[in-house]
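One letter stands for each residue in the lines below.
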Amino acid sequence: MASRAFTSLLQAIEKGAFPRTRKWLWRGLYNGLSRHWRDDDWRFMNYGFVDQAAAFPLHSDDEPDRPFIGLYAQAVEGLPITDAQVVEIGSGRGGGARYIARYHKPAWVVGIDYSATTVRRARSLNDDMVGLSFEIGDAERLPLESASCDIVVNIESSHCYSDVPAFAREVARVLKPGGWFTFADMRGKAAIAELRQQLAVPGLQLRSERDLSPGVVAALDAAEHRKRARLGQVRLGRSFIAEFSGSQGSTLYRELTEGGVIYLAQRYQKVADLLQEPSST
């Protein structure tokens, strides 16, 4: 039953069904998870990424979260983060923003999330980190001044939005000229071309693209034992949470493994007017 329900949800998302209702439903789901999944050592709500060819250093207390941190490590690798003003849109429980603040020496990091309950949870889980804060906000109407940040991070969140082009326009608005937008999320294979079109808004120039799917499956495998231990403590909705979390045997796990779902990473740069290439006309 849970598998059929989650499959129907994935299919509806891929077809663009009920966009505004979908946004409301995702917020309700994440509010519920934040209320009932209250582990103090679980700061991540993503599927993770493991790249055997690109190891990165972590303190011992962060090692259990390596599969999840991997998505953020690949997202910011090589970007000019030192002393930068960084915003994560869709920050969840704050683990990714915490990783950036702890390891990359930005001026500050602000996490923005649509779920008020999740924001409160992120604040309580990360109140020991200097230069890290969390605010309630809508990705399609960001509570930020124009040209106010150097780097925007968006990891595994855009599938919840009702208007992805509006989100991308907001990213272009809040970035400073020369700033970076680093993005990663999944879509059904047939919807990847549309996703590229949705993110290709004026002012953002695509610099790189990568299919992360094999590394995401590797992360799901690496986190399986820990995830199953947590699921064993859940009484209500265990089957649906197993599907939602991408556990082995779930619909999402199978689709990522077989290529029906693609996990795409992209990097864009905000192009200043004076730096834009001249028109050929």
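A few words on the overall build of the chain. The number of helices and strands found in the chain is ten helices and seven strands. Relative to its full complement of 281 residues, the chain shows a buried share of 55%. Pairs at least 24 apart in sequence give 75% of the contacts found in the chain among residues at least 6 apart. By element, 52% of the accessible surface of the chain is carried by carbon and sulfur atoms, the whole surface being about 13,300 Å².

Time to look at unusual backbone geometry. Most peptide bonds are trans, and most residues other than glycine sit at a negative phi. With a phi angle near 50°, Ala-147 is a residue other than glycine that sits in the positive phi range. One can find Ala-147 in the loop between β3 (132–136) and β4 (149–155).

This part takes up the pairing of strand β2 (residues 108–113). Where burial is concerned, most of β2 is hidden: five out of the six residues are buried. Sheet topology note: the strand β1 (residues 85–89)/β2 ladder contains five bridges and is parallel. What sits directly across from Glu-88, in β2, is Gly-111. In this fold, β1 hands off to helix α4 (residues 95–103), which returns the chain to β2; that crossover is right-handed. Pairing geometry for β2 and β3, over five bridges, is parallel.

In space, the seven strands of this open sheet follow the order β3-β2-β1-β4-β5-β7-β6, with mixed pairing throughout. Each having just a single partner strand, β3 and β6 (204–211) make up the two edges of the open sheet. Along the sheet, successive strands turn relative to each other by an average axial angle of 20°, direction set aside. Strands in contact with helix α5 (residues 116–125) are β2 and β3; relative to β3, the strand with the most contacts, it is inclined by about 165°.

On to α4. In an α-helix, one turn spans 3.6 residues, which is why side chains three or four residues apart end up on the same side. Counting buried residues in α4 gives seven out of nine residues, a clear majority hidden from the surface. All buried positions along α4 are accounted for by Gly-95, Gly-96, Ala-97, Arg-98, Tyr-99, Ile-100 and Ala-101. On its buried face, α4 is in contact with α3 (66–76), β1, β2, α5, β3 and β4. Of the residues flanking the end of α4, it is Lys-105, one or two places downstream, whose phi is positive at about 55°.

For the rest of this paragraph, the subject is the environment of Cys-160. Tracing the sequence through the fold places Cys-160 in the loop between β4 and α6 (164–174). In this structure, the C-alpha to C-alpha distance between Cys-160 and Gly-90, residues 70 residues apart in sequence, is 9.5 Å.

Moving on, we come to the nonpolar core. Residues Tyr-99, Ile-100 and Tyr-263 are the most contacted members of the largest nonpolar core, which totals 43 residues. No other element matches α3, which puts seven residues into this core. Once residues lying within four places of it in the same chain are set aside, the contact partners of Ile-100 are Tyr-72, Val-76, Ile-81, Val-86, Lys-105, Pro-106, Val-109 and Val-153.

Considering the arrangement of structural elements, one finds Ala-223 in helix α8 (residues 213–231). A relative accessible area of 5% means that Ala-223 is categorised as buried. Once the C-alpha coordinates of Ala-223 and Pro-64 are considered, the two residues, 159 residues apart in sequence, prove to be 8.8 Å apart.

The subject of this paragraph is the pattern of salt bridges. For the structure shown, the criterion picks out ten salt bridges. Among the salt bridges present, the one from Glu-170 reaches Arg-173, with a minimum N-O distance of 2.8 Å. Here Glu-170 pairs with Arg-173, and both are found in helix α6, just three residues apart, close to one helical turn. A salt bridge links Glu-209 to Arg-196; the nearest nitrogen and oxygen atoms lie 2.7 Å apart. With a gap of 13 residues between them, Glu-209 in strand β6 and Arg-196 in helix α7 (residues 192–199) connect regions that are remote in the sequence. In this structure Arg-196 comes out as partly exposed when scored by relative accessible area, which is 35%.

Here Ser-250 shows up in the loop between α9 (238–244) and α10 (251–258). What makes Ser-250 buried here is its relative accessible area of 3%. In this structure the side chain of Ser-250 is engaged in a polar contact, spanning 3.2 Å, whose partner is the backbone nitrogen of Tyr-253.

Another aspect to go through is the confidence of the model for the chain. Taken as a whole, the chain shows an average pLDDT of 84; of its residues, 76% reach a score of 70 or greater. Every residue in residues 274–281 is under pLDDT 50, and counting partners more than four places away or in other chains gives one contact.

Quick notes on the rules
- Residues numbered from 1 in each chain as written.
- Predicted model: local features only at pLDDT ≥ 70, side-chain atom pairs only at ≥ 80, totals over all residues.
- Heavy atoms only, no water.
- Helix = DSSP H or I, 4+ residues; strand = E, 2+ residues; numbered from the N terminus.
- Buried < 20%, exposed > 50% of the residue type's maximum accessible area, 1.4 Å probe, protein only.
- Contact = heavy atoms within 4.5 Å.
- Areas by Shrake-Rupley, 256 points an atom, 1.4 Å probe, with all protein chains shown as cover.
- Pairing = 2+ DSSP bridges.
- Right-handed = clockwise from strand over helix to strand, strands pointing away.
- Axes fitted to C-alpha atoms, helices over the stretch in contact; angles between N-to-C directions.
- Core = buried A, V, L, I, M, F, W, Y, C linked by side-chain atoms within 4.5 Å.
- Salt bridge = Lys/Arg side-chain N within 4 Å of Asp/Glu carboxyl O.
- Polar contact = N/O pair within 3.5 Å; in protein donor to acceptor, adjacent residues only side chain to side chain.
- pLDDT = per-residue confidence, 0-100.

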